[in-house]
Amino acid sequence: MRIMAIDYGDAHTGIAVSDPTGFLAGFTTVIDAYRPDIVAERIALLAREHGAERLVLGHPINMDGTRGPRSEKAQAMRQLLEEATGLPVVLWDERRTTIDAHQILFNSGKNAKKRKKVVDAVAASLILEGYLTYLKNHPEG
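Cut-offs applied
Along each chain, the written sequence defines residue order, and numbers are assigned to residues from 1. For a predicted model such as this one, the threshold for reporting local features is a pLDDT of at least 70, and the threshold for listing and counting side-chain atom pairs is 80 or more; totals across whole chains, interfaces and linings nevertheless cover every residue. Remark: hydrogens and water are excluded; side-chain values derive from all non-hydrogen atoms of the structure. Computed over the protein atoms alone on a 1 Å grid, cavities are sets of points where a 1.4 Å probe fits but cannot get out and pockets are open sets with protein on both sides within 12 Å along at least five of seven lines; a residue lines them when it has an atom within 4 Å of a point. Grid points are joined across faces, edges and corners, and a volume is the space filled by probe spheres set on the points. For the purposes of this entry, the term helix denotes a DSSP run of H or I that reaches at least four residues, the term strand denotes a run of E that reaches at least two, and both are numbered from the N terminus. When residue character is reported, Ala, Val, Leu, Ile, Met, Phe, Trp, Tyr, Cys and Pro are called nonpolar, Asp, Glu, Lys and Arg charged, and the others, Gly included, polar. In this text, buried Ala, Val, Leu, Ile, Met, Phe, Trp, Tyr and Cys residues form a nonpolar core when linked through side-chain atoms within 4.5 Å. Only protein chains enter the accessibility calculation, which uses a 1.4 Å probe. A residue is then buried if its area is under 20% of the maximum for its type, exposed if over 50%, and partly exposed in between. By definition in these notes, contact holds between two residues if any of their heavy atoms fall within 4.5 Å. Should DSSP find at least two bridges between two strands, the strands are regarded as paired. Where helices are involved, their axes are fitted lines through C-alpha atoms of the stretch in contact, as for all axes, and angles between N-to-C directions lie from 0 to 180°.

Student: I'd like to hear about the layout of surface pockets, residue by residue, with values.
Tutor: Approximately 230 Å³ is the volume found for the largest pocket. Contributing to the lining of the largest pocket are 14 residues, with Pro 60, Glu 94, Arg 95, Arg 96 and Thr 98 lying nearest its centre. No other element matches helix 3 (residues 97-107), which puts three residues into the lining of the largest pocket. Classifying every residue of the lining of the largest pocket by side-chain character gives five nonpolar, four polar and five charged. The calculated volume of the second largest pocket comes to roughly 170 Å³. In terms of lining, the second largest pocket is formed by 11 residues, of which the most central are Met 1, Ile 3, Thr 21, Gly 22 and Leu 135. Sorting elements by how many residues they give to the lining of the second largest pocket places helix 4 (residues 112-137) first, with three residues. When the residues that make up the lining of the second largest pocket are grouped by side-chain class, the tally is six nonpolar, three polar and two charged.

So this is what it looks like as structure tokens:
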């Protein structure tokens, strides 16, 4: 099963799609758009293009486990995505993914300008990796 992970942001949204086996991250990209409806439309196009059967949306929960305005935005995006794609959308705890993505890119020698262009796609890959690991350990997922 192909799974698409989404790191939704105000201006940039990272996308990562698994390979057909659902075990590895394959395709990645970044959607540059501010309006949630435009983001949802572009995600729907990518989901169809790549044959995604499930979407995993990063859910920004505060480090102390509470939920704030970013969580509410993710929940609203979940509803938009379900309507735009007809696919199930799983909210996935994304704490630290952007921080980890910056660290990975920094350690690979990317300068700040290059990191900014791809950090959201790397964060989406980390969300996808976490979810795929979960599925391996919980096959009924």
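Back to the text.
Student: Pulling in residues and values, what's your account of the nonpolar core?
Tutor: Met 4, Ile 6, Ile 15, Ile 43, Leu 55, Leu 57 and Leu 81 are the most contacted members of the largest nonpolar core, which has 20 residues in total. Of all the secondary structure elements, the ones that give two or more residues to this core are strand 1 (3-7), strand 2 (12-18), helix 1 (36-50), strand 4 (54-59) and helix 2 (69-85). Counting residues per element, this core draws most heavily on helix 1, at five residues. In contact with Ile 15, not counting residues within four places along its chain, are Met 4, Ala 5, Ile 6, Phe 27, Thr 28, Thr 29, Ile 31, Ile 43, Leu 46, Ala 121 and Ala 124.

Student: For the sheet that holds strand 3 (residues 25-32), give the residues involved together with the corresponding values.
Tutor: On the basis of which strands lie adjacent, the open sheet formed by five strands has the order 3-2-1-4-5 and mixed pairing. Each end of this open sheet is capped by a strand with a single partner; those strands are strand 3 and strand 5 (89-93). Across the sheet, the axes of successive neighbouring strands diverge by a mean angle of 25°, strand direction being ignored. Pairing between strand 2 and strand 3: six bridges, direction antiparallel. From the neighbouring strand, Thr 13 faces strand 3, where its bridge partner is Ile 31. Against the sheet, helix 2 engages strand 1, strand 4 and strand 5, with an angle of about 165° to strand 4.

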